[in-house]
Amino acid sequence: MSEVHLLTTAQTSKHLGVAVQTLARWRVYGGGPEFVKLGSLVRYDVADLSTWIAGHRRRSTADTDTRLIVAPPAHRSAAIRDEQAE
């Protein structure tokens, strides 16, 4: 059996170069790497991160991602637009 190497959310954030809040949003709305729940703890398996990264490889911007990416609710989108307009 292969050894499992689990990272915390903070470690995963650094590993992927994304904000902790982005990981939290992906856990709620989808689109991010698979994660493991151990009680109240969230952990990411390094092997799952590698698989997720490999699935996002593109040769050009014209390549399309056929997976469903769920957008945040409309009220969140409006709040983000309002923030950016300021």
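Just so you know, these numbers come straight off a predicted model, no measurement behind them.

**With respect to the overall build of the chain**
Each helix and strand in the chain was counted, giving four helices and three strands. Counting every position in the chain, which comprises 86 residues, the buried fraction comes to 15%. The contacts in the chain between residues at least 6 apart in sequence include a share of 48% that link residues at least 24 apart. As presented, the chain carries roughly 6600 Å² of accessible surface, and 55% of it is formed by carbon and sulfur atoms.

**Points about a nonpolar patch on the surface**
A contiguous nonpolar surface patch, about 330 Å² in accessible area, is contributed by Val4, Leu6, Leu38 and Leu41. Taking the relative accessible area as the measure of exposure, leucine 6 reaches 34% and is therefore partly exposed.

**Some thoughts on the confidence of the model for the chain**
Confidence in the prediction of the chain, expressed as mean pLDDT, is 82, and 73% of residues score 70 or more. Taken element by element, the chain is modelled with least confidence in helix 4 (residues 74-85), mean pLDDT 52, and with most confidence in strand 1 (residues 6-7), mean pLDDT 98.

**Some details on the pairing of strand 3 (residues 41-45)**
Looking along a regular strand, one sees the side chains alternate between the two faces of the sheet. Two elements, strand 1 and strand 3, share two bridges in a ladder whose sense is antiparallel. Counterpart to leucine 7 in the pairing with strand 3 is tyrosine 44. Pairing geometry for strand 2 (residues 36-38) and strand 3, over three bridges, is antiparallel. When the bridges of strand 3 are listed, lysine 37 appears paired with valine 42. Count of turn residues in the strand 2/strand 3 antiparallel hairpin: two residues, of which glycine 39 carries a positive phi of about 65°.

**Remarks on the sheet that holds strand 2**
Spatial ordering of the open sheet is given by 1-3-2, a layout of three strands whose pairing is antiparallel. Strands with a single pairing partner mark the edges of an open sheet, and in this sheet they are strand 1 and strand 2. In the packing of helix 3 (residues 46-54) onto the sheet, the strands contacted are strand 1 and strand 3, and the crossing angle to strand 3 comes to about 60°.

**Side note on the side chain of aspartate 45**
Structurally, aspartate 45 can be placed in strand 3. Arginine 43 provides the closest opposite charge to the buried, unpaired aspartate 45, separated from it by 12 Å. Those residues in contact with aspartate 45 that sit more than four places away from it in its chain are Val4, His5 and Leu6.

**With respect to the nonpolar core**
Generally speaking, nonpolar side chains in soluble globular proteins are found buried as a group. With seven residues, the main nonpolar core is built from Leu7, Leu16, Leu23, Val42, Tyr44, Leu49 and Trp52. Secondary-structure elements contributing two or more residues to this core are strand 3 and helix 3. Excluding its chain neighbours within four sequence positions, the residues that come into contact with leucine 49 are Leu7, Thr12, His15, Leu16, Pro33 and Tyr44.

What counts, and where the lines are drawn
- Residues numbered from 1 in each chain as written.
- Predicted model: local features only at pLDDT ≥ 70, side-chain atom pairs only at ≥ 80, totals over all residues.
- Heavy atoms only, no water.
- Helix = DSSP H or I, 4+ residues; strand = E, 2+ residues; numbered from the N terminus.
- Buried < 20%, exposed > 50% of the residue type's maximum accessible area, 1.4 Å probe, protein only.
- Contact = heavy atoms within 4.5 Å.
- Areas by Shrake-Rupley, 256 points an atom, 1.4 Å probe, with all protein chains shown as cover.
- Patch = residues over 30% accessible without salt bridge, like charges linked within 9 Å, V, L, I, M, F, W, Y side chains within 5 Å.
- Salt bridge = Lys/Arg side-chain N within 4 Å of Asp/Glu carboxyl O.
- pLDDT = per-residue confidence, 0-100.
- Pairing = 2+ DSSP bridges.
- Axes fitted to C-alpha atoms, helices over the stretch in contact; angles between N-to-C directions.
- Lys, Arg positive; Asp, Glu negative; His and termini not counted.
- Core = buried A, V, L, I, M, F, W, Y, C linked by side-chain atoms within 4.5 Å.

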